Amino acid sequence: MPSKRLLMVVALMATVVPAIAQDIAPLPTRAAAPSLSGPLQLADVLASSRQHAPQVLEALARVRGAQGKRLSAEGAFDTVFSAAADSRLTGYYDSRYAETKVTRPLEQWGGNVYGGYRVSDGRFPIYEDKSYTNQLGEIKAGVVLALLRDRAIDDRRFNRTQAEADIALADADRLFVAIGVQRRALDAYNQWVVAGERLEIVRNLLALAQDRQTGLERQVTLGLRPRIILTENQQNILRRQTLVVQAEQALASAANTLSLYWRDADGRPVIPSPAQLPSDLPNPLPLPVDPKSALSMRPDLRTIDLRMQVARDRLALDRNALLPRLDFNAEASRDIGPIGEGGRSREGTDTRVGLTFTLPLQRRAAQGRIMQTQAEIEAAMLRGQGLREQIIAEIDTIGVAVDATERLLVLAGDEQARAQDMAQAERRRFEMGASDFFLVNIREEAAADAALRKLDAAYRQLIAHADLAAASADTDALGL
């Protein structure tokens, strides 16, 4: 008999385990395949990866973040409204005072314009005499302009310029990521189609051996062939069945990889079925007329240029810090209404102009920043030069591969045609008894190997064209 403690444990598990199972989130599943009217085409995969690849969506989110930073930088030029009020509740003086002010920063000259209104009542101490206004208050307007430091550039304008550069940098990074995703999507699609073609080749090779087995059994029954030849052909069938299983495994693996780029409308990965395989390899991507002429489209080069421009703007800001500050200000004010407690001195329009001069005697912080920024610009120039030379060499190397794959594909096609002719001729000789079983197998496998080599040459041509499109940032060819 089970103990009471054991029964209690079993009852507890029966209660807790289902509750835990409900809290465990189910593993994400693959989506059902989108409905297609025909085979899965390369354009469908490129469009899907462009719209739904998580890496691309992440890069787009960074662009939106940079746009938000740009909007924040614009906040330095926002119009500001302020108000203040003061009232003495006890004591000898009974003054009351209220003021409002609107300030609008200027996008040029590093200053601002402002306008305001203030009104006071009661008596103020002599040291607050400027607080008096006429009975209906005082209106005023003024402007502050920077004549030296901050005239051409200041922190506000630099922050806005840097935020705009951050948007361009984020967009360049988005394009860089998108090119990489599309390049990998091309690879995944081509590998999937090539895996399907390879499976078709080995299945045809297996079908030849299976068809021959029926004929050999009839010939052995009639005494025209020794029985051992059946065993040899069965061995041959098993070897070719192994090749088929391996090819099926490679096709399933390629389909699984392709699902990272072929997605449904909700962005979930979709594993394509063998029935969606096209009947032939896709055409190679069109070659650009002059790949080197589009180097400015490369997002990595664009990134270096943008960072250099930001560094130049920062250098201008650092040099601005070396300048003395000379600010000009002008203000006009007028009291309105009957004369107030302050007397007749508030009557009329009061117009004032002034200058403010400031000169730091030691400017080592700005000088140090200038040296640092100049070194950064020089390093970026050298990095850009090295990258351009590397890209040119890469394009030249890919161009050699493009030419070589074209010639290799022609040679592989000729070899396949010859091998197929030899295999067909050998099978006819074997059927007529003029050849042996070993030789016909050799011819068939040689024809299959030639077909696989042609397939490999065609695949290498697809790779070379895709590499050239990616190296030259050919967005049209990459479906961007």
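Residues numbered from 1 in each chain as written. Predicted model: local features only at pLDDT ≥ 70, side-chain atom pairs only at ≥ 80, totals over all residues. Heavy atoms only, no water.

1. Regarding the overall build of the protein
So, point 1. Check the secondary structure of the protein and you find eight helices and six strands.
So, point 2. Its helices and strands taken in sequence order, the protein reads α-α-α-β-β-β-β-α-α-α-β-β-α-α from the N to the C terminus.
So, point 3. Along the first, second and third principal axes, the C-alpha atoms of the protein reach 140 × 85 × 45 Å.
So, point 4. A total of 480 residues make up the protein; the buried ones form 38% of that total.
So, point 5. When contacts within the protein are restricted to residue pairs at least 6 apart in sequence, those whose partners lie at least 24 apart make up 78%. (Helix = DSSP H or I, 4+ residues; strand = E, 2+ residues; numbered from the N terminus. Buried < 20%, exposed > 50% of the residue type's maximum accessible area, 1.4 Å probe, protein only. Contact = heavy atoms within 4.5 Å.)

2. So, helix α2 (residues 42-52)
So, point 1. Among all positions of α2, only L42, V45, L46, S48, S49 and H52 are buried. Angular distribution of buried residues about the axis of α2 spans 165 degrees; they occupy a single face of the element.
So, point 2. Tucked inside the fold, the buried residues of α2 contact α3 (54-74), α4 (155-221) and α5 (228-258). (Arc of directions from axis to C-beta.)

3. A few points about the confidence of the model for the protein
Detailed reading of the predicted coordinates is not advisable wherever pLDDT falls low.
So, point 1. For the protein, the mean per-residue pLDDT works out to 86, and 91% of the residues sit at or above 70.
So, point 2. Mean pLDDT in the protein bottoms out at helix α1 (residues 4-23), which sits at 36, and peaks at strand β4 (residues 138-146), which reaches 95.
So, point 3. Within the model, the stretch residues 1-29 combines pLDDT values under 50 with two contacts to residues more than four positions away or in other chains. (pLDDT = per-residue confidence, 0-100.)

4. Observations regarding the packing of aromatic side chains
So, point 1. Under the criterion given, the structure shown has three aromatic pairs.
So, point 2. Measuring from ring centre to ring centre gives 6.0 Å for Y189 and W192, while their planes differ by 55 degrees; the resulting arrangement is tilted. Note that Y189 and W192 are positioned in helix α4 at a spacing of three residues, about one turn of the helix.
So, point 3. Of the residues examined, W192 reaches a relative accessible area of 0% and is grouped as buried.
So, point 4. When the ring centre of Y92 is taken as reference, the NZ or CZ atom of R123 above it lies at 4.8 Å.
So, point 5. Stacked on the ring of F77, the Lys or Arg R160 has its end atom at 4.6 Å from the ring centre. (Phe/Tyr/Trp six-rings, centres within 6.5 Å; stacked < 30°, edge-to-face > 60°. Lys NZ or Arg CZ within 6 Å of the ring centre and 35° of its normal.)

5. Here we look at the packing of α4 against helix α8 (residues 437-471)
So, point 1. Where α4 meets α8, the closest approach of the two axes is 10 Å, and the angle between their N-to-C directions is 170 degrees. What the angle tells us is that α4 and α8 run roughly antiparallel.
So, point 2. For the contact of α4 with α8, the residue count by class is 18 nonpolar, three polar and eight charged. (Axes fitted to C-alpha atoms, helices over the stretch in contact; angles between N-to-C directions. Parallel < 35°, antiparallel > 145°, perpendicular 65-115°, else oblique. Nonpolar A, V, L, I, M, F, W, Y, C, P; charged D, E, K, R; others polar.)

6. A word on the environment of A404
So, point 1. Note on placement: A404 falls in helix α7 (residues 364-431).
So, point 2. Note: C-alpha distance between A404 and Q191 (213 residues apart in sequence) is 20 Å.

7. Focus on the pairing of strand β2 (residues 96-105)
So, point 1. Note: strand β1 (residues 80-87) against β2, eight bridges, orientation antiparallel. Residue pairing for β2: F81 is matched across the bridge by V102.
So, point 2. Two strands pair when backbone bridges link them, and β2 and strand β3 (residues 112-121) are joined in this way by ten bridges, in the antiparallel orientation. Looking across to β3, one finds that T103 is bridged to Y114.
So, point 3. With antiparallel pairing between neighbouring strands as the criterion, β2 and β3 make up a hairpin whose turn holds six residues, including W109 at a positive phi of roughly 65 degrees. (Pairing = 2+ DSSP bridges.)

8. Regarding the packing of α5 against α8
So, point 1. As a packed pair, α5 and α8 sit with axes 11 Å apart at the nearest point and diverge in direction by 15 degrees. Compared by their axis directions, α5 and α8 come out roughly parallel. Taken as a pair, α5 and α8 cross one another with a handedness that is right-handed. Across the interface between the two elements, I229, E232, N233, N236, R239 and R240 from α5 touch F437, N441, E444 and E445 from α8. (Left-handed = near helix turned anticlockwise from the far one by under 90°.)

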